[in-house]
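# Results of the structural survey
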Amino acid sequence: MANMAMTTAAQNEWQGDLSELKGLVSERALTGETMMLNMGPHHPSTHGVLRLLLELDGEEIVSCIPDVGYLHTGIEKNIEAKTYEKGVTLTDRMDYLAPMSNNMVFCMAIEKLTDLDVPERAQVIRTICLELTRLNSHLVWLGTHAIDMGAMSVFLYCFREREMILDMFEMLSGQRMMGSYIRPGGVWRDLPQEFLPALETFLNYFPAKIDDYERLLTNNPVWIDRTQGIGVIEPDVALAYGITGPSLRASGVNWDIRKTSPYLTYGHYSFDVPLGEHGDVYDRYIVRVREMRESVSIIRQALKHLTQASGGFRSNNRKFVPPPRSELGQSMEAVIHHFKLWTEGFSAPDAEVYMAIESPRGEIGCYLHGTGGNKPRRVHFKTPSLIHISALSMITKNHFIADVVAIIGSVDIVLGDCDR
Amino acid sequence: MESRSTPNQFLRLGITLVILAVIGGGLIALLNGITGQACLNNLSSCLTNNGWNPGIAGFVPILLGVLGVATFPLLVTILLIWVERKFAARIQDRIGPNRVGPFGLIQPLADVLKLLTKEDITPTGADKPIYNLAPPFMVASVLLIWAVVPFTPYHYGVDLEIGAIYFVAVASIATLAVIMGGWASNNKYALLGAFRTVALLVSYEIPLAMALLVPVLLAGSMSMVGIVEAQGAMWFMFMAPIATLLFFISSQAEVGRAPFDLIEAESELIAGFNIEYSGMKFAMFFAGEFMHVFTNGVLMAILFTGGWWGPFAYEAPLLGFFYLMIKSSFWYFISLWVRNSLPRFRVDQVMNLNWKILVPISILNLIMMALMLRIALGFEQSAGIVVTDFFSALPRTGFLLIGNVVVLVVVWLWLGRQGRQQRQLEEMNRFSVTATGD
Amino acid sequence: MTNVLNEWAFIGVFFLLAPLLPSLPIAIAALISPRKPNAIKQATYECGLETVGDTWVQFKVQYYVFGLIFLVFDVEMVFLFPWALAYQQLDFFAFAAGLLFIFLLTDALFYAWGKNALEWS
């Protein structure tokens, strides 16, 4: 019986009447001259459950129809039913390669909505975490991009280094990936003792490893052949599509929210925004690799800043941030605050805010509408992956199948980020 | 949908074991019968003397020889899987198999056992006879190469006078197997893989055969045994380095190993032609590929690095076999190294590399080798040198190396020019950003 | 004479046995492996979705062009082997004839190149 049910479920899927796709595919597909091929959702190099319906003439792409929604988890709707503090945990699951960025943008929206001040030290810690997240995400990107192109070893090297970052995240939050370390008003707890030495070790170790990756790829003729001139996005097209992040900067558009509207402590540090000039897969690779080097330098500056930063690791506003455990035994007020915060949560005014930060993938924005109560009326995330996927059908036109894989890798998408 | 119950499965297992036992027992009995007569030296005549039919008696040693030659690569493959995984693990800074047996040595056996008990799925709409024939063909094509491999000065399957052509002929059966598998699976990914094969494997046979012509030219023999014996004075690798390189590159492509692994590109076509195969049939494709890589190593050793030649190889044949294995492993490891370091080509780039670079170079190289060999022969004749040992082979090597250098210079200049043109073209095509805004 | 016959007998037996050896484990696997087919399990794999349209479509002609070029070269290659084999005993005329043949081969390559038969798309 179970099998029967499965069969019917499969049959209820789109049955492939090509006339439905009229206008999206070429005329030749309707006559059966070209081949329709499903790439994904269960495909090793669509970076998640992305489905591309490809129309192929031999190996060449005639048309490409991206189909998303296979990883829809209803996070935005779920957050509406949760208090603000609990919502943070859900944001981790959106862009699962850069959870801290999601935490950050959500918390920044909340802080803006409630006018909550964050002490300087917390800001610096957040900056360090965000840059580590950027490294984490770029490492996964580089590894998967390389293995998509057949360079298997780079993948494992990247994950070896990523492991160190995940270890540090575990020190911070007790969790390797979905740490929810950044909370409204600051961070969950102060930096543990072992974190700074571990970070120092990593910073000393990592730049040489970037050199290693570059030695394997940057001047490799096969790599250059596979990437240069492939998947070109022109700057005006990129802006029209709303592409952001390294993918936009590879097209030569100087747009980095860390520079244009500095948040956290980014304004204090000097760093370059690497730009490409051709907008192809190779430039997107170069831009991200340079960004990794910049991130390392930002973290170094932030570490120096950390020693002078004032304030604690989170706000002292007891209406929003729970009191430390040590106070609970002595202060009745602390107990009340604690109880209120962990049962009811804090309230935010009936107003709307939009905050955007530079996630590793591009601009991640959070639109937040409060109700005056303890839950938001509407939360919406503007995520880079969705936009990058929507541009895929334009970018992949007249390329080969192998290039599609390279392009998907190069615009760096995460389907959790796209579908939410 | 439950079709078979478990007891049936045990019954089938029992029947299989019985059949295997009967076959094994029969073989042992046969061997006992033979060795009991103590006539290993001339088996057929001995058997005839013992009242066997002469036709059958002549057939028995052949059968045994075939079995011996064919089982060896199959056994080596089991070890190779472990070697490859360990080697890749070392390159990639991880541990590799280390659980089953000491150093994970038994891992391949465990894998084989697992694959034996895996369900074999035939997709609906597959062309069944062709679908089932493809995996054995794949392995057979590689096994057949071993018929002409000289293991030691005295031990080889058969010394075919046209060994080189035989090798080219049987190696292309693998192409056929891949196309059969890809086409019959009725799967679009498999089909794409199969079509890539048509283009790729077939094309790389040209530089492969062209490079193969060079040892034939130098040895004056097409037999593998003859080619190895001709390298007693000097390995062909030192006489014809370019041919060596060409043969290595094309054989790497023939196997479909990175950077030429686009026929099964797991990130594009998932597994290419063998995507629908499961269980033991998949294992056969897999084994065929592994065996082919090592076989290529063996061929490199035979054709260019002197096969079994080494100190005391004539006196102790086992030592010769040892040398052959060492040299083959050397080439095999280089192949693994390349595989684990390079990204994958795209299909049009692979074709360009072949037709526009490798084929012209291989033709030029062949012409230069022929010319220089003629000059060297003339020189040797006038100087009265007979090539017998290392020193007497030096003049010839020198002449041929000059030929190689000429080829290298021509190729360098030509490729450099072509590269510059292409770069200009690419710079023109490669879009350049003029507007930068913020 | 018997020697040559023996050699080819060896190859003949090898040709018969070589596909049989790998068939043996497949046969064993067929005997001991479970067999529980169902429609979904046996469906064609195309990333988890039903396949659209026919697989065995008319395919791009480019592949055949390469096939044809290969055929020409492969056949000519076979002629070169005897030449290379007997090379050391050849007189100048045969040597020149061989070279001429190779030049013709090269010419064919450049002809195909010039006709853009070597371009992928």
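Definitions and cut-offs
Residues numbered from 1 in each chain as written. Chains lettered and ligands numbered in written order. Predicted model: local features only at pLDDT ≥ 70, side-chain atom pairs only at ≥ 80, totals over all residues. Helix = DSSP H or I, 4+ residues; strand = E, 2+ residues; numbered from the N terminus. Buried ≥ 20, exposed ≤ 12 C-beta atoms within 10 Å, placed from the backbone. Contact = placed C-beta atoms within 7 Å. Pairing = 2+ DSSP bridges. Axes fitted to C-alpha atoms, helices over the stretch in contact; angles between N-to-C directions. Expected span 1.5 Å × (residues − 1). Parallel < 35°, antiparallel > 145°, perpendicular 65-115°, else oblique. Left-handed = near helix turned anticlockwise from the far one by under 90°. Nonpolar A, V, L, I, M, F, W, Y, C, P; charged D, E, K, R; others polar. pLDDT = per-residue confidence, 0-100.

## A closer look at the overall build of chain C
Counting its regular elements, chain C contains three helices and zero strands. Ordered by position from the N terminus, the helices and strands of chain C form the series α-α-α. Counting only residues that meet the buried cut, chain C has 24% of its 121 residues in that class.

## A short note on the overall build of chain A
Scanning chain A from N- to C-terminus turns up 19 helices and eight strands. Looking at chain A as a whole, 51% of its 420 residues are labelled buried. Contacts spanning at least 24 positions in sequence make up 68% of the contacts within chain A whose residues lie at least 6 apart.

## Side note on the sheet that holds strand β3 (residues 60-67) of chain A
All names here are of chain A. As summarised here, the arrangement of the three strands in space is β1-β2-β3, forming an open sheet in which the pairing is antiparallel. Two strands close off the open sheet at either side, each with one partner strand: β1 (35-39) and β3. Mean inter-strand twist for the sheet, computed between neighbouring axes without regard to direction, equals 20 degrees. In this structure, β1 lies alongside strand β2 (residues 51-57), joined through five bridges in antiparallel fashion. Paired with M36 across the two strands is E55, which belongs to β2.

## Quick word on the sheet that holds strand β6 (residues 352-359) of chain A
Residue and element names in this part refer to chain A. One open sheet holds the three strands; their spatial order is β6-β7-β8, and the pairing between them is antiparallel. Unpaired on one side and paired on the other, β6 and β8 (378-382) mark the two borders of the sheet. Strand-to-strand twist in this sheet, taken as the mean axis angle between neighbours without regard to direction, amounts to 15 degrees. Here eight bridges tie β6 to strand β7 (residues 362-369), and the two strands are oriented antiparallel to one another. Across the sheet, the residue bridging to I357 is I364, located in β7. Relative to β6, helix α5 (residues 99-114) is tilted by about 150 degrees, and along the sheet it contacts β6 and β7.

## Things to note about the pairing of β3(A)
Residue and element names in this part refer to chain A. With seven bridges connecting them, β2 and β3 associate as antiparallel partners. Bridging from a neighbouring strand, E55 pairs with S63 of β3. Here β2 hands over to β3 after two residues, with G58 in that stretch at a positive phi of 70 degrees.

## Concerning helix α12 (residues 279-304) of chain B
All names here are of chain B. Between its first and last C-alpha atoms α12 spans 37 Å; for 26 residues at 1.5 Å apiece the expected length is 38 Å, and the two agree. Of all 26 residues in α12, 24 are buried, a share of seventy percent or more. The positive-phi residue at the C-terminal boundary of α12 is G306, with phi of around 75 degrees.

## Some words on the environment of B:Y154
Residue and element names in this part refer to chain B. Checked against the element boundaries, Y154 lands in the loop between α5 (128-145) and α6 (163-171). By C-beta crowding, Y154 is classed as exposed, having 11 other C-beta atoms within 10 Å. The spacing of Y154 and V100 is 54 residues in sequence and 38 Å in space, taken between C-alpha atoms.

## Thoughts on unusual backbone geometry
Where the residue is not glycine, phi is negative for most of them; where a peptide bond is considered, it is trans in most cases. Backbone geometry at A:D412 places phi at a positive 55 degrees, although glycine is not the residue there. Within the secondary structure layout, A:D412 lies in the loop between α18 (401-411) and α19 (415-419).

## Re the packing of helix α13 (residues 281-308) of chain A against α18(A)
Residue and element names in this part refer to chain A. In the contact formed by α13 and α18, the axes pass within 9 Å of each other and the chain directions differ by 30 degrees. When the axes of α13 and α18 are compared, the pair comes out roughly parallel. Judged by the sense of rotation from one axis to the other, the crossing of α13 with α18 is left-handed. Contacts between α13 and α18 involve V281, R284 and Y285 from the former and A406, I407 and S410 from the latter. Partitioned by chemical class, the residues of the contact of α13 with α18 number four nonpolar, one polar and one charged.

## Some remarks on the pairing of β1(A)
Of all five residues in β1(A), five are buried, a share of seventy percent or more. Taking every second residue as pointing to the same face, both faces of β1(A) are buried, with A:M35, A:L37 and A:M39 on one and A:M36 and A:N38 on the other.

## Describing the interface of chain A and chain B
Taken residue by residue, the interface counts 45 residues in chain A and 34 residues in chain B. At the level of elements, β1, α6 (120-148), α7 (152-173), α9 (221-227), α10 (235-241) and α18 of chain A are the ones that each hand at least two residues to the side of chain A that touches chain B. Top element by residues in the side of chain A that touches chain B is α7(A). It accounts for five residues. Across the side of chain A that touches chain B, the residue classes tally to 21 nonpolar, 14 polar and ten charged.

## Quick notes on α7(A)
When the terminal C-alpha atoms of α7(A) are compared, their 31 Å separation across 22 residues agrees well with the 32 Å that a helix rising 1.5 Å per residue should span. Looking one or two residues past α7(A), A:G174 carries a phi angle of roughly 85 degrees, positive in sign.

## What about the confidence of the model for chain A?
Considering every residue of chain A, the mean pLDDT works out to 85; 94% of them sit at 70 or more. Within the model, pLDDT remains below 50 along residues 1-13 of chain A, and this stretch shows ten contacts once partners closer than five positions in the same chain are excluded.

## Re the environment of A:G409
Relative to the assigned elements, A:G409 resides in helix α18. Taking the C-alpha atoms as reference points, A:G409 and A:Y285, separated by 124 residues in sequence, lie 9.6 Å from one another.

## Observations regarding the confidence of the model for chain C
The share of residues in chain C with pLDDT of 70 or more is 83%, and the mean pLDDT across the chain is 77. As a predicted assembly, this complex carries a pTM of 0.83 together with an ipTM value of 0.84.

## Some words on the packing of helix α8 (residues 188-219) of chain B against helix α11 (residues 241-255) of chain B
When two helices pack together, you describe them by how their axes are tilted relative to each other and by the distance separating the axes. Residues and elements named next belong to chain B. Between α8 and α11, whose axes approach to 8 Å, the crossing angle comes to 155 degrees. By the criterion of interaxial angle, the relationship of α8 to α11 is roughly antiparallel. Where α8 crosses over α11, the handedness of that crossing is left-handed. On the side of α8, the interface is formed by L200, L201, Y204, P207, L208, A211, L212 and V214, while α11 contributes A243, L246, F247, S250, S251, A253 and E254. A breakdown of the residues in the contact of α8 with α11 according to their chemical character gives twelve nonpolar, two polar and one charged.

## Some thoughts on the environment of B:T388
All names here are of chain B. Of note, T388 is situated in the loop between α14 (347-383) and α15 (394-429). A count of 10 C-beta atoms within 10 Å places T388 in the exposed class. Residues T388 and L116, 272 residues apart in the sequence, show an inter-C-alpha distance of 53 Å.

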